[in-house]
Amino acid sequence: MQRTGRGHGDCGPPPQSRIVKPYFQGILYPMDPTRVTVRPRHRSPLRLLPLGGCGEIGMNLTLYGYAGEWIAVDCGMMIRQDLPDTPLQVPNLETLQVLGITPRALFITHGHEDHIGAVAWLWPHWQCPIYATPLAAGLLRLKFAEHGLAPTAIRVVEPGEARESGSFTLRYLLMPHSIPESCALLIAAGRQRVLHTGDWKLDADPLVGPAFDAEQFRALAPVDLVVGDSTNAPMPGHSASEGEVARALANTLAECRGRVVVSCFASNIARIVAVARAASMTGRRISLMGRSMERMVSVARGLGYLEELPPLVPIHDLGYLPAHEVVVIATGSQGEPRAALTRLAQGRHPHMELAAGDSVIFSAKAIPGNERPIKRLKTRLAQLGVTLFDEFNRPALHATGHPAQEELKTLYGWIAPRHLLPVHGETLHQQAHRDIAESLGINAPLAPLNGDMIRYDENGLHLEARHPQPPCIVSQNTVVAHPGLDDAASKHGRRGSLYLALPVTATETGWTRIGRLMLENIGTSALDEDSFSDWLDDALDNIHADTLAELRQALKPRLLGWLAEHMQHLPDIHLQIMAAEMPSCT
């Protein structure tokens with residue numbers, strides 16, 4: 001018998017007649033009927049399980065669970081600088097196996113190695129669809145080919161499109177970063193909406209791809225939860241634009257007279273475009289060195305990102321060109337022993353030699369932990385008589401791809417999140433991110449670690465359980481648990497402590513350091529004390545404070561920002577500032 005009215009026990013219209021309205025170009029949400037009172041119903045909680053990228057930088061992997069279904073976001077690797085031969089580390093899947101979790105889909109935010117580098121190692125355990133934007137999908141196909149895997153699971157998503165997976169609906173939203181097509185994910189599960197930011201920055205002149213679309217993100221407000229990038233949360237101010245770096249590169253290249261090598265990250269397509277423009281302005285021809293550089297340019301060019309790049313000079317033809325007509329874009333900015341720049345510095349490259357009068361431009365900051373190999377590389381180049389330009393004598397030659405404090409505040413002002421879960425950072429980065437959120441009235445009760453099972457419901461964020469994550473190393477083409485190295489030792493032993501005693505005296509213009517720098521590292525990654533000392537003196541010159549307490553308050557965030565950029569693992573900071581007398585000249 002057909003029902004024409006509502007019975008006493010009915011809670012709403014039949015499922016087939018549910019009224020829906022579009023929200024943000026295609027993500028659908030139920031519209032509450034206006035003529036009935038709907039009895040409150042229990043809502044399923046959302047669960048989050050990070051297995052990488054929390055309490056550390058790199059190796060990002062986060063699982064989202066709702067109503068018994070799970071999806072994964074990103075699947076990256078990290079390089080263990082603290083272990084012999086600097087092996088690759090990938091997320092440990094033991095927790096998923098114990099809990100019986102298999103993601104029904106993997107969603108990739110962008111094509112950096114710390115977001116896609118472990119896919120070919122771990123995806124065979126899942127055999128699920130992989131969704132990625134065109135550039136990341138192209139890079140994944142190359143990885144799958146190297147591992148003998150069929151690429152049929154890789155499915156292309158254009159930025160702005162939405163995809164459904166079980167109870168989840170996700171929309172890809174473009175965010176400027178140091179690689180094209182980096183996207184945040186707007187994740188809807190039930191009536192809960194989460195913005196998983198991925199890596200991003202506010203860049204008004206990104207050089208490749210569109211600038212940040214503020215209106216697109218204002219339309220999202222209010223967001224229930226933001227899972228956000230903490231990398232540069234300790235850094236005050238605003239990050240520099242890729243357009244500014246392009247102008248600095250053009251000015252620097254115009255000064256050079258002999259051959260020029262520009263070393264940058266292969267994934268930074270905007271930087272390659274900047275070099276192409278500068279080369280055109282100075283009458284130079286471009287060549288590429290390094291397999292990863294050639295691979296990235298090939299994929300990006302096929303997608304139309306490098307239309308400005310002129311025809312490339314084959315590397316074996318460089319010797320036929322006059323020195324002042326050559327610019328080479330090369331891998332090796334981090335001092336990697338087998339990279340192109342290291343072979344040039346050692347005189348082992350078969351097609352080109354560097355000599356006095358040539359120049360090398362480092363258009364990349366040192367990844368924390370790589371300071372020693374980079375210093376050795378620069379020493380070898382200097383012995384050849386090569387002129388060096390880097391982040392120390394030309395800071396404008398590089399810009400970070402992550403948001404500083406003012407950018408975080410701007411985004412959160414647009415999207416009005418109720419809660420924050422800080423990821424992509426070590427504990428101090430996450431804590432700085434929490435401090436920013438709480439200053440804006442955003443609830444941020446947790447700084448998660450890898451293996452934390454987190455519940456998100458109408459009462460907010462709660463830690464349900466902790467699952468230790470012993471590190472897994474790629475050894476001889478196989479993922480193995482690293483013997484004798486547990487997670488706690490890895491996390492806390494590598495971070496260590498830094499003790500800084502700073503004797504200062506007041507001058508007519510501000511504060512000046514007195515005597516030698518008193519610095520002690522305990523269990524920390526390498527620190528270039530000369531560079532740190534120079535930076536510290538400049539910082540003191542630029543701080544206006546009347547008391548030691550005000551000086552400490554002004555110096556501490558600057559100190560955290562500098563260390564976050566220059567150390568692999570941000571240590572616990574112990575800062576003591578002492579008043580001292582200016583030494584007598586008699």
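Let me begin by describing the structure that accompanies this report.

Calculation rules
Residues numbered from 1 in each chain as written. Predicted model: local features only at pLDDT ≥ 70, side-chain atom pairs only at ≥ 80, totals over all residues. Heavy atoms only, no water. Salt bridge = Lys/Arg side-chain N within 4 Å of Asp/Glu carboxyl O. Helix = DSSP H or I, 4+ residues; strand = E, 2+ residues; numbered from the N terminus. Buried < 20%, exposed > 50% of the residue type's maximum accessible area, 1.4 Å probe, protein only. Pairing = 2+ DSSP bridges. Contact = heavy atoms within 4.5 Å. Axes fitted to C-alpha atoms, helices over the stretch in contact; angles between N-to-C directions. Phe/Tyr/Trp six-rings, centres within 6.5 Å; stacked < 30°, edge-to-face > 60°. Core = buried A, V, L, I, M, F, W, Y, C linked by side-chain atoms within 4.5 Å.

Considering all chains together, one arrives at 20 salt bridges under this definition. A salt bridge links Arg-394 to Glu-255; its shortest N-O distance comes to 2.9 Å. Of the two residues, Arg-394 is situated in the loop between β20 (387-389) and α11 (405-415) and Glu-255 in helix α6 (residues 242-255); the sequence distance between them amounts to 139 residues. On the basis of relative accessible area, Arg-394 is assigned to the partly exposed category, the value being 25%. A salt bridge links Arg-466 to Asp-452, with the shortest nitrogen-to-oxygen separation between them at 2.7 Å. Note that Arg-466 is positioned in strand β23 (residues 460-466) and Asp-452 in strand β22 (residues 452-457), a separation of 14 residues in sequence. On the basis of relative accessible area, Asp-452 is assigned to the buried category, the value being 2%.

If you trace the eight strands from one edge of the open sheet to the other, you get β10-β9-β8-β5-β4-β3-β22-β23, paired in mixed fashion. Each having just a single partner strand, β10 (154-156) and β23 make up the two edges of the open sheet. As paired strands, strand β9 (residues 130-132) and β10 are joined by three bridges and run parallel to one another. Along β10, the bridge assignment pairs Ile-130 with Ile-154. Seen against the sheet, helix α4 (residues 134-146) touches β9 and β10 and runs at an angle of roughly 160° to β10.

Attention now goes to α11. Taken together, the buried positions of α11 are occupied by Gln-405, Glu-407, Leu-408, Leu-411, Tyr-412, Trp-414 and Ile-415. Residues of α11 that are buried in the fold lie against β14 (192-196), α5 (214-218), β15 (225-229), β21 (419-423) and α12 (427-439). Residue Ala-416 follows α11 closely and has a positive phi angle near 50°.

This part is about the packing of aromatic side chains. Evaluation of the coordinates by the stated rule reveals six aromatic pairs. Plain terms: the ring middles of Trp-123 and Phe-144 are 5.3 Å apart, the flat faces sit at 45° to each other, and that makes the pair tilted. Of the two residues, Trp-123 sits in the loop between α3 (119-122) and β9 while Phe-144 sits in helix α4, which places them 21 residues apart along the sequence. Looking at Phe-144, the relative accessible area reads 0%, which means it is buried. Their ring planes at 55° and their centres at 6.2 Å tell us that Trp-200 and Phe-212 sit as a pair that is tilted. A residue pair is termed long-range when its members are at least 10 positions apart, and Trp-200 in the loop between β14 and α5 and Phe-212 in the loop between β14 and α5 qualify at twelve residues.

Membership of the largest hydrophobic core comes to 74 residues, with the highest contact counts inside it found for Leu-106, Ile-108, Val-119, Trp-126 and Ile-130. When residues of this core are assigned to their parent elements, the largest contribution, nine residues, is made by helix α7 (residues 269-282). Apart from the residues lying within four places of it in its own chain, the contact partners of Leu-106 are Ala-72, Val-73, Asp-74, Cys-75, Val-119, Trp-126, Cys-128, Pro-129, Ile-130 and Tyr-131.

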